[in-house]
Amino acid sequence: MKHSMKQSIRTLIGALAFASSLSASGQQEVMVSQYMFNGLFLNPAYAGSHGYTSSSLLHRAQWVQMDGAPRTSMAAIDGSLLNGKMGVGFSLVHDQIGVSRDLDMSGHYAYHLRTGSRSRLALGLRAGLSIYSARLSDLVYWDSNDPMYQGNIQNKPV
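Residues numbered from 1 in each chain as written. Predicted model: local features only at pLDDT ≥ 70, side-chain atom pairs only at ≥ 80, totals over all residues. Heavy atoms only, no water.

Draft legend 1. Representation of the overall build of the chain. When helices and strands are tallied, the chain shows two helices and six strands. When its helices and strands are written in sequence order, the chain yields α-α-β-β-β-β-β-β. Counting across all 158 residues of the chain, residues that qualify as buried make up 24%. Taking as baseline every contact in the chain between residues at least 6 positions apart, the subset at least 24 positions apart corresponds to 45%. (Helix = DSSP H or I, 4+ residues; strand = E, 2+ residues; numbered from the N terminus. Buried < 20%, exposed > 50% of the residue type's maximum accessible area, 1.4 Å probe, protein only. Contact = heavy atoms within 4.5 Å.)

Structure below.
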């Protein structure tokens, strides 16, 4: 029993050492609560899943009248092609949180396979462009000489 306990502790220490050597980075995902009105945002296979062209607009403002409060705006359109065998769509999402801004533009494609008289399987693909920027100069920080906060962050297509 003592041998297996020592082996378990060694394994745990080894796993912790390995995990601490890995790096991780985080990101803020767009937050919306009305998914039923914007299926294209969740799943590209939703494109053309109905027999008509559909569009949606969504705006979410949180903590109104506070500086840097999260705001998200979304627009999407999708429709079916070839008697419902394919679907295409386009979505535009603008997200603001504090000093950061993110603009995502995506095209959506779906292929629908009929699997029964009342059922089908949809496969989807999304491709897009994301443009991120952060005005670090608007931050309040302790060390005004820190070079990390001297400029702004911006990525844009080349």
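Once you've had a look at it, read on.
Draft legend 2. Examining the sheet that holds strand β5 (residues 120-134) more closely. Spatial ordering of the open sheet is given by β1-β2-β3-β4-β5-β6, a layout of six strands whose pairing is antiparallel. The strands lining the two open edges of the sheet, one partner per strand, are β1 (54-61) and β6 (153-154). Both strand β3 (residues 86-97) and strand β4 (residues 100-114) contribute to a ladder of 12 bridges, which runs antiparallel. When the bridges of β4 are listed, Gly-89 appears paired with His-108. (Pairing = 2+ DSSP bridges.)

Draft legend 3. Structural context of the nonpolar core. Counting five residues, the largest nonpolar core consists of Val-30, Val-32, Leu-58, Met-74 and Val-93. The residues touching Val-30, leaving out its near neighbours within four places in the chain, are Phe-41, Thr-72, Val-93 and Asp-95. (Core = buried A, V, L, I, M, F, W, Y, C linked by side-chain atoms within 4.5 Å.)

Draft legend 4. Molecular detail of a nonpolar patch on the surface. A surface patch of nonpolar side chains, amounting to about 800 Å² of accessible area, comprises Leu-81, Leu-82, Val-88, Tyr-109, Tyr-111, Leu-113, Leu-121, Leu-123 and Leu-125. Listed by contribution, the elements that provide at least two residues to the nonpolar patch are β4 and β5. Relative to the helices and strands, Leu-113 resides in strand β4. (Patch = residues over 30% accessible without salt bridge, like charges linked within 9 Å, V, L, I, M, F, W, Y side chains within 5 Å. Areas by Shrake-Rupley, 256 points an atom, 1.4 Å probe, with all protein chains shown as cover. Salt bridge = Lys/Arg side-chain N within 4 Å of Asp/Glu carboxyl O.)

Draft legend 5. Region of interest: the pairing of β3. With 11 bridges connecting them, strand β2 (residues 71-81) and β3 associate as antiparallel partners. Its bridge partner being in β3, Ile-77 is matched across the sheet by Phe-90. Once β2 ends, the chain turns through four residues before running back antiparallel as β3, passing Leu-82 with a positive phi of about 50°. Joining the antiparallel neighbours β3 and β4 is a turn of two residues, in which Gly-98 adopts a positive phi near 60°.

Draft legend 6. Representation of empty space enclosed by the protein in the model. Inspection of every chain in the model, using the stated rule, returns one cavity of 30 Å³ or more. In terms of lining residues, the largest cavity is bounded by Asn-38, Leu-40, Phe-41, Met-74, Ala-75, Ala-76, Ser-91, Leu-92 and Val-93. Residue assignment for the lining of the largest cavity shows that the elements contributing at least two residues are α2 (39-42), β2 and β3. Of the residues in the lining of the largest cavity, the class split is seven nonpolar, two polar and no charged. (1 Å grid on protein atoms, 1.4 Å probe; cavity = no way out; pocket = protein on both sides within 12 Å on 5 of 7 lines; lining within 4 Å. Points joined across faces, edges and corners; volume = space filled by probe spheres on them. Nonpolar A, V, L, I, M, F, W, Y, C, P; charged D, E, K, R; others polar.)

Draft legend 7. How the structure looks around the pairing of β4. In terms of strand pairing, β4 meets β5 through 15 bridges, oriented antiparallel. Considered in β5, the bridge of Leu-103 is made with Ile-131. Here β4 folds back onto β5 in antiparallel fashion, the turn holding five residues.

Draft legend 8. Unusual backbone geometry, seen in detail. Although it is not a glycine, Gln-65 adopts a positive phi angle of roughly 70°. By the element assignment, Gln-65 lies in the loop between β1 and β2. For Gln-65, a relative accessible area of 81% corresponds to the exposed category. In this model, Leu-82 sits at a positive phi of 50°, which is unusual for a non-glycine residue. Along the chain, Leu-82 turns up in the loop between β2 and β3.

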